[in-house]
Amino acid sequence: MRRKADDNQTAGKETGTPAGGQGRPGYVRVRGAREHNLKNVSLDIPRDALVVFTGVSGSGKSSLAFGTLYAEAQRRYLESVSPYARRLFHQMPVPEVDEIDGLPPAVALQQQRGSPTTRSSVGSVSTLSNSLRMLYSRAGDYPDGQELLYAESFSPNTPEGACPECSGLGRVYEVTEQSMVPDDSLTIRERAVAAWPPAWHGQNLRDILVTMGYDVDTPWRELPKKDRDWILYTDETPTVPVYAGLTPEETKRALKRKETPSYQGTFTGARRYVLQTFATTESASMKKRVARYMVSTECPLCRGKRLRQEALSVTFGGVDIADISRMPLARLHAMLLPYASGKAADDKRRAKLHPEQLIVTQRIAEDLVARLDVLLALGLGYLALERSTPTLSPGELQRLRLATQVRSNLFGVVYVLDEPSAGLHPADTEALLTALDQLKASGNSLFVVEHALDVIRCADWIVDVGPAAGEKGGEVLYSGEPDGLKKIEASQTRRYLFDEAPLQVRERREPAGWLRLEGVTRNNLNNLKVEFPLGVLTAVCGVSGSGKSSLVSQVLVDLVGRELGHGGAPIETEEADDLEQEAATPLEGRIVKGMEAIRRMVRVDQKPIGRTPRSNLATYTGLFDQVRKLFAATKMAKSRRYDAGRFSFNVAKGRCENCAGEGSVMVELLFLPSVYAPCPVCAGARYNAKTLEVTYKDKNIAEVLGMTVDSAFDFFAGEALVERSLEVLREVGLGYLRLGQPATELSGGEAQRIKLATELQRTGRGNTLYVLDEPTTGLHPSDVDRLIVQLERLVDAGNTVVVVEHTMRVVAACDWAIDIGPGAGDEGGTVVAAGTPETVASAAKSRTAPYLRPCLTR
């Protein structure tokens, strides 16, 4: 293995990799990296530089940057801490690599969501809230006679600070007659009390009411109020005999004769059932079901501010801490600036009353302003401290963490970043590069996995991985200074970096009609009027935080969904306690024209296609159903009477019992990361031996699941249904994925393209509205071009496609563009320009225009 690594290093010289040597000063030296699809890679990477890892999606960039370099740095660091402390870290697997020299400590800033609870916020992630609480505690204006409050009293997440009425949530939850009985024209027998459980349990409660003499066959609205209130709100739990299946009259007679009942039933009022189930059930689906019957209203005590009255009575600059936490960071910065400089209007009064207060105010304000400077420079001035992390995009969350690192003044660290430009408008990318320069100037190294050409062009060093994805990738095509990449013919990145792949702008389609929205009010959108063209491809663009996602992913999806009878579309949040989900922002607006042309709506997002390894590409697309039918149709399967279910690793009759179809078993190691080893019985195949004896074209079902989409396409030649699914997956650039690749191993971009491919398989569908929010996230420019082709196909089939997008190459390829802005937050929320990309590119007030123009002129 050692000799192979050295051979590979020699090969690297031709592509610009510096010569090896033992621990070359100023370089990280990697030998024999084999993580995931890496093919025994060896290279030297400079420290104290901006090193960008590029390559097509799935080529192995992240395997090298995160799976190898960061994982090894973390392993070495954890070796230095106590075994107990080690258990508190999320430990990455030990990387497959022969040797790494010269690797400093590393900090990873990955594209991951924040905490799934709304109690985690911009203020808590950035730690600004801690300083703000200290400011109110030590320098706030207290009412006469009120004693000093400590900082924790200004937090809604502590017993000292949380409002006692709503426990710091800002909202109270109750059940009402209207919420529990949505249709009062129904009878109790017709399930008027919708909040009661379905199936047998609900029938049991209705039968109990019959025994107790309540009328279950009169419409709910005609029942006496006294009866309605008792059924819904009683806390009594009487136990009575139940005569299942008998009519009310037959039940009366049976009670009179004291006949033996079917069983004894205990009654539960509807409100008691809802609240008790919500509080005690361990079933997520049951909890979600009963939460539908709970009505959320603003807490009457704290008026939604989440804090005790004592804390809310303390002000600074005339506002309480809840109101200041709702300000956009840019406005908060402007408010604190005079205090930081010692020139605030009320400083003289403070100095007379409490001289030490003036010093405390200035010190804390200076720190807050300095940290806000970084956040504003990163284009996050539109966020507020109270904004919860589940509502942030992965890019916003990563920039929040990046701002914290810029202020930390660490020295000699490697920062490993995963697409920091994701979700950024080109104008905001410039601010990001400034922040990265600050980190580098402080004596740190930056290893960045990136697709954005603006970031790649600023690199000191490029590591290009490829040439293709999956099994056809995993090689370092080039490692060196940017200009040297021009000579590497095999590099896909080269073509786009040096403008060798100009965009072919075709003739714009004419809209077939218009979907007009009026009176739209949500987040920073205020009484907006906007028109979306039908039957064409439309890009909605604008700076980060301008209101694009509010308009498209919330308002458009919500209003169209209501018209189609889907109900309101919830704001995307991670799984969390239902009581802690943020109350939906009130939506005002209506569709005044164009719905007659839309029969269906599909939202293609980047949410995972499954949360366990049992879900994969083949199961999600329906491809696996067809493959299992082919195996069930073989001669051996028929002779053994195996049906298609036998070939599922989720079914007991077909799967390996030792690993329950997982393919691996977990080995617990005390104080170290758990290791997953291939199952010793099935050797990772997931199926039992008898199932694996059945073959199709000499391959068993496990071997087929191990194939890539590309190789499976050749293998299943002639099988029309299977071929169709595989062809579409290849067209969206996923030919490198294995059919059985677990959903947990897929990126958000890959999940989105699998959903898109699933949709493209459907034939003969027209008049559908497709909504995609930043579909190019995680995509190499070459994959972006492939994605554009697929979106064109959807439009050519008679559909309307709307994408929220920052990639100018996509905007330039669209038929129509709507630019939202001009700025972010309070400075955005209006339509700056709308028309063909050429029209938007010439709009004087558009911040998108300068970046769009070059794409149209190449």
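Above this note sits the structure.
So, here's what we can say about the structure. (Residues numbered from 1 in each chain as written. Predicted model: local features only at pLDDT ≥ 70, side-chain atom pairs only at ≥ 80, totals over all residues. Heavy atoms only, no water.)

**Observations concerning the overall build of the protein**
(1) Moving on: Looking only at helices and strands, the protein has 33 helices and 24 strands in total.
(2) Moving on: Seen along its three principal axes, the alpha-carbon backbone of the protein occupies a region of about 100 × 95 × 65 Å.
(3) Moving on: A total of 858 residues make up the protein; the buried ones form 52% of that total.
(4) Moving on: In the protein, of all internal contacts separated by at least 6 residues, the share reaching a separation of at least 24 is 69%.
(5) Moving on: Averaging the positions of the 105 positive and the 108 negative side-chain charges in the protein gives two centres separated by 3 Å. (Helix = DSSP H or I, 4+ residues; strand = E, 2+ residues; numbered from the N terminus. Buried < 20%, exposed > 50% of the residue type's maximum accessible area, 1.4 Å probe, protein only. Contact = heavy atoms within 4.5 Å. Lys, Arg positive; Asp, Glu negative; His and termini not counted. Charge placed at Lys NZ, Arg CZ, Asp CG, Glu CD.)

**Quick look at the sheet that holds strand 17 (residues 588-593)**
(1) Moving on: Taken together, the 3 strands give an open sheet; going across it, the order is 15-14-17, and neighbouring strands pair in antiparallel fashion. If you trace the sheet from one side to the other, it starts and ends with strand 15 (525-534) and strand 17, each paired once. When the angles between neighbouring strand axes are averaged without regard to direction, this sheet yields 15°.
(2) Moving on: The sheet contact formed by strand 14 (residues 513-522) and strand 17 spans 4 bridges and is antiparallel. Counterpart to Arg-516 in the pairing with strand 17 is Lys-593.
(3) Moving on: Against the sheet, helix 21 (residues 548-563) touches strand 14, strand 15 and strand 17, its axis set at about 110° to strand 14. (Pairing = 2+ DSSP bridges. Axes fitted to C-alpha atoms, helices over the stretch in contact; angles between N-to-C directions.)

**A look at the state of the cysteines**
(1) Moving on: Under the counting rule described, the total for this entry stands at 0 disulfides.
(2) Moving on: Here Cys-458 is not cross-linked by a disulfide; its sulfur's nearest cysteine counterpart is in Cys-855, at 16 Å.
(3) Moving on: With no disulfide partner, Cys-679 has as its closest neighbouring cysteine sulfur the one in Cys-682, 3.8 Å distant. (Disulfide = S-S within 2.5 Å.)

**Digging into the sheet that holds strand 1 (residues 27-33)**
(1) Moving on: On the basis of which strands lie adjacent, the open sheet formed by 3 strands has the order 2-1-4 and antiparallel pairing. Looking at strand neighbours, the two that pair on one side only are strand 2 (41-46) and strand 4 (99-101), the edges of this open sheet. This sheet shows a mean twist of 5° between the axes of neighbouring strands, independent of strand direction.
(2) Moving on: Pairing geometry for strand 1 and strand 4, over 3 bridges, is antiparallel. When the sheet's bridge partners are listed, Arg-29 is paired in strand 4 with Asp-101.
(3) Moving on: Strands strand 1, strand 2 and strand 4 of the sheet are contacted by helix 2 (residues 61-78), whose axis makes an angle of about 70° with strand 4.

**Some remarks on the side chain of Arg-133**
(1) Moving on: Positionally, Arg-133 belongs in helix 5 (residues 128-139).
(2) Moving on: Despite being buried, Arg-133 has no salt bridge partner; Glu-152 is the closest side chain of opposite charge, sitting 8.7 Å away.
(3) Moving on: Those residues in contact with Arg-133 that lie beyond four places of it in its chain are Ala-151, Phe-154, Ser-155 and Ile-321. (Salt bridge = Lys/Arg side-chain N within 4 Å of Asp/Glu carboxyl O.)

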